[in-house]
Amino acid sequence: MLKNITLGQYYPVDSVIHRLDPRVKILLTMAMIVAVFLVRSLVGYALLLAFVYLVSRLAKVPFRLIIKGIKPLRFILILTFLLNLFLSAQGNILFQWRFITITDQGLRQSIHYSLRLVFLVLGTSLMTLTTSPIQLADGMELLLSPLKVIRFPAHELAMMMSIALRFIPTLLEETDKIMKAQMARGADFESGNLLRRAKAMIPLLVPLFVSAFRRASELAMAMEARCYHGGEGRTRLRVLKLTRPDLWASLAVAGLIALIVLEGIVLPKGWLL
Amino acid sequence: MSIELRNVTHVYAEGSAFRSVALEDISLTIEDGEFLALVGHTGCGKSTLVQHLNGLLKPSSGQVLVDGQDLHGEHVNRRLLRMKVGLVFQYPEYQLFEETVAKDIAFGPKNMGLGADEIDRRVRSAMAQMHLDYQKYAERSPFELSGGQMRRVAIAGILAMEPQTLVLDEPTAGLDPHGRDRILGILRELHEKGTTIVMVSHSMDDVARLATRVAVMSHGKLIATGTPREVFSRQDMMENAGLRIPEAARLCQSLRQRGVPLPDGLFTLEELRTHLSALWREAHPC
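Nothing here was measured: the structure is a model prediction, and the numbers come from that model.

Engineer: Before we move on, could you go through the overall build of chain B and cite the residues and values that matter?
Structural biologist: Check the secondary structure of chain B and you find 12 helices and 10 strands. Compactness check: chain B gives a C-alpha radius of gyration of 21 Å against a globular reference of 19 Å for 286 residues, within 12% of the reference. Once the C-alpha set of chain B is aligned to its principal axes, its extents read approximately 65 × 50 × 35 Å. The proportion of buried residues among the 286 residues of chain B is 52%. Total accessible area computed for chain B in this model is approximately 13400 Å², and 48% of it derives from carbon and sulfur atoms. Charge centroids of chain B, computed over 32 positive and 37 negative side chains, lie 2 Å from each other.

Following this line, the structure appears as structure tokens:
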């Protein structure tokens, strides 16, 4: 029933991209997001697409899996496109019918905005597909740790994140089990109106909360039994070290950004959008 | 009411990287009035098998017939059939959710759409069967009871639906010896009153004492069925399946190896005691 849910969307294979330092991957993804906003023409988007494709090949992640990440966004995309198309009044009028006006600038804007959204999603899924949630939490912790100076709880935040992630599959399994146990007692989770269905969730939610609290207190006890006392002076099993490929990856992204900036300067304004 | 599994195969996460075959071509008939023990190593597919008996899981291939009716046929009311086969999960106390014991036990009968009087009668009778004093426990919160008491409340919740077949997945796991004996005693009583019982167990001693038939599973396959006597006499097969024969049988074996004249095929402590005291009396007449 709930068996087919994969956690996040991590695609577990071994590749150069997977082995990159998570800190570098987070920073490069952020850089790429900035690059998306620098694009001035379709040539720039073509460059980005080529880059995403190249990285997906290097990461051994099927390209269509990355494209599939856009699917949940399709309504927002369509909405963005239409809103920009119809609500922009500046520029030369291309088409007019009663109160509907489409201008060339409006068209340009709507194409830009929707493509930006698409590439934001592509860029971030590239990261989440190739970085396990635990690695992501690790990377975030290290990137945020300079903020400890102003008492920002970087370690605690990362620990909470990894614990939460760790417990998602456990709680899903638990939900499945309790659901089945109540169904064995004739519970019906599927039919009835909204109110009846909400009421039918009580036999599921109460045991689930009870068990979540029990697990939380057991985990806290187990952590204390192993002398956990926060991030102070804590060393790590997997020490993150920058390696050669991290350098190459950074250079590649830097090159990409340079190309995109160049494209904005060199190509005459209005050429291909 | 008989339950028949016909060439049941169950595959988890078909078509993904996590695909695993939990059951492979299992054919087994649960006869009316028997006490069937299902044994096997951890992860051999017992719990998966048990969830097929009341249609919570659908076989990937094969059929489950309840009274000759295909459980996953087109015009079958699965909820109705589910109530005829009461399934007690592992650690059933984790499914308790109501404010009071009586309300929790009433959950099943309520879902069956019974009247208030009938529900009340069933709650009282289920509590009596599980040795829970109505006066003392009915109005208490299930969350303030001990583990063993909670377990009995949970089983009472299934019994209140008055199923013809009771299926229990390791009903004694995690209980102290007293709580265990209590549950097993209750199961024996229920069986004597005519309820068909299927019990998953890791304790061969319990199986030897209670079961009328044993089914042995290993790696998703059914590798042997028979009376406890038949199954436990095949020690090699049991050990290959990652199981042991009952303690009493092993004691009996080593006594025989040391020359104590005991007959073959003693599997319970009670039997062993009878024979040993008979031998003692022979050797020390007076």
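Engineer: Can you break down a nonpolar patch on the surface residue by residue, with the values?
Structural biologist: Residue and element names in this part refer to chain A. Taken together, Val 34, Leu 38, Leu 259, Val 261, Leu 262, Ile 265 and Val 266 make up a surface patch of nonpolar side chains, about 620 Å² in accessible area. Put simply, the parts of the chain that give the nonpolar patch at least two residues each are helix 2 (22-38) and helix 11 (244-266). It is helix 11 that provides the largest number of residues to the nonpolar patch, a total of five residues. Within the fold, Ile 265 resides in helix 11.

Engineer: Lay out unusual backbone geometry in plain terms, naming residues and giving numbers.
Structural biologist: Residues and elements named next belong to chain B. The backbone of Asp 67 sits at a positive phi, close to 55°, despite the residue not being glycine. One can find Asp 67 in the loop between strand 4 (61-66) and strand 5 (69-70). The class for Asp 67 is partly exposed, based on a relative accessible area of 47%. Unusually for a residue other than glycine, Tyr 91 sits at a positive phi of about 45°.

Engineer: Give a detailed account of the packing of helix 11 (residues 247-257) of chain B against helix 12 (residues 269-283) of chain B, specifying residues and quantitative values.
Structural biologist: Residue and element names in this part refer to chain B. Contact geometry for helix 11 and helix 12: axes closest at 9 Å, N-to-C directions at 30°. As for the relative orientation of helix 11 and helix 12, their crossing is left-handed in sense. From helix 11, Ala 248, Leu 251, Cys 252 and Leu 255 reach across to helix 12, where they touch Leu 269, Leu 272 and Leu 276. Split into classes, the residues belonging to the contact of helix 11 with helix 12 amount to seven nonpolar, no polar and no charged.

Criteria and cut-off values
- Residues numbered from 1 in each chain as written.
- Chains lettered and ligands numbered in written order.
- Predicted model: local features only at pLDDT ≥ 70, side-chain atom pairs only at ≥ 80, totals over all residues.
- Heavy atoms only, no water.
- Helix = DSSP H or I, 4+ residues; strand = E, 2+ residues; numbered from the N terminus.
- Rg over C-alpha atoms; globule rule 2.2 N^0.38 Å.
- Buried < 20%, exposed > 50% of the residue type's maximum accessible area, 1.4 Å probe, protein only.
- Areas by Shrake-Rupley, 256 points an atom, 1.4 Å probe, with all protein chains shown as cover.
- Lys, Arg positive; Asp, Glu negative; His and termini not counted.
- Charge placed at Lys NZ, Arg CZ, Asp CG, Glu CD.
- Patch = residues over 30% accessible without salt bridge, like charges linked within 9 Å, V, L, I, M, F, W, Y side chains within 5 Å.
- Salt bridge = Lys/Arg side-chain N within 4 Å of Asp/Glu carboxyl O.
- Axes fitted to C-alpha atoms, helices over the stretch in contact; angles between N-to-C directions.
- Left-handed = near helix turned anticlockwise from the far one by under 90°.
- Contact = heavy atoms within 4.5 Å.
- Nonpolar A, V, L, I, M, F, W, Y, C, P; charged D, E, K, R; others polar.

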